[in-house]
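What follows is the residue order along each chain.
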Amino acid sequence: LYSADGKVLVAKIEREWLSATPKYKFYYEGDFNPFADFTAEGSFLDRTYTFKAGFGATIARVRRSSEIFNDVDSYLVEVAAGVDTAAIL
């Protein structure tokens, strides 16, 4: 993710390829940060994901809610206090 002018890398997302389930690592400050700020792991088919901080604590959960209307997807997002909600979304 780059700044609005496209010159500065402000964050990056990497997929961990040697994982049993899809796992993504999120880094603030782009390439200057060698350690992931948080990770997301879950099931693409079930539409459930757990976000964990770099030290392993669960900071958010996202799951697909039951459909009230046909052809409409709804998600339940739970974010821990003090966590950047915009970064999770």
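Keep in mind it's a predicted model, so treat the numbers as computed, not measured.

> Quick rundown of a nonpolar patch on the surface? Include the residues and the values.
Taken together, the side chains of Leu1, Val8, Val10 and Ile13 make up a nonpolar region of the molecular surface, amounting to roughly 360 Å² of accessible area. Looking at where Val10 falls in the secondary structure, it is placed in the segment before β1 (11–16). Judged by relative accessible area, Val10 falls into the partly exposed class, the value being 38%.

> Help me get a handle on the confidence of the model for the protein, residues and values and all.
In the predicted model, the protein carries a mean pLDDT of 86, and 94% of its residues have values of at least 70. When the elements of the protein are averaged for pLDDT, helix α1 (residues 85–88) gives the smallest value, 87, and strand β5 (residues 58–64) the largest, 94.

> Can you explain the layout of surface pockets? Please cite residues and give values.
To find leftover empty space, a probe the size of one water molecule is rolled over the atoms. Roughly 230 Å³ of internal volume is contained in the largest pocket. Lining the largest pocket, in full, are Ile13, Tyr24, Phe26, Ala40, Tyr49, Phe51, Val62, Val77, Ala87, Ile88 and Leu89. Contributions of two or more residues to the lining of the largest pocket are made by β2 (23–28), β4 (48–53) and α1. Residues of the lining of the largest pocket, tallied by class, amount to 11 nonpolar, no polar and no charged.

> Give me the lowdown on the nonpolar core, citing residues and values where you can.
One finds Phe26, Phe38, Ala40, Phe51, Ala53, Ile59, Ala60, Val62 and Ile88 forming the largest nonpolar core, which totals 9 residues. Listed by contribution, the elements that provide at least two residues to this core are β3 (38–43), β4 and β5. Here the element with the most residues in this core is β5; it accounts for 3 residues.

> Tell me about the sheet that holds strand β6 (residues 75–79), and name the residues and values.
Sheet architecture is open: 6 strands sit in the order β1-β2-β3-β4-β5-β6, paired in antiparallel fashion. Two strands in the sheet have a free side with no partner beyond their single neighbour: β1 and β6. In this sheet, neighbouring strand axes are inclined to one another by 15° on average, regardless of whether the strands run parallel or antiparallel. Where β4 and β5 come together, 5 bridges link them in antiparallel fashion. Bridge pairing in β5 places Tyr49 opposite Val62.

Rules and cut-offs
- Residues numbered from 1 in each chain as written.
- Predicted model: local features only at pLDDT ≥ 70, side-chain atom pairs only at ≥ 80, totals over all residues.
- Heavy atoms only, no water.
- Patch = residues over 30% accessible without salt bridge, like charges linked within 9 Å, V, L, I, M, F, W, Y side chains within 5 Å.
- Areas by Shrake-Rupley, 256 points an atom, 1.4 Å probe, with all protein chains shown as cover.
- Salt bridge = Lys/Arg side-chain N within 4 Å of Asp/Glu carboxyl O.
- Helix = DSSP H or I, 4+ residues; strand = E, 2+ residues; numbered from the N terminus.
- Buried < 20%, exposed > 50% of the residue type's maximum accessible area, 1.4 Å probe, protein only.
- pLDDT = per-residue confidence, 0-100.
- 1 Å grid on protein atoms, 1.4 Å probe; cavity = no way out; pocket = protein on both sides within 12 Å on 5 of 7 lines; lining within 4 Å.
- Points joined across faces, edges and corners; volume = space filled by probe spheres on them.
- Nonpolar A, V, L, I, M, F, W, Y, C, P; charged D, E, K, R; others polar.
- Core = buried A, V, L, I, M, F, W, Y, C linked by side-chain atoms within 4.5 Å.
- Pairing = 2+ DSSP bridges.
- Axes fitted to C-alpha atoms, helices over the stretch in contact; angles between N-to-C directions.

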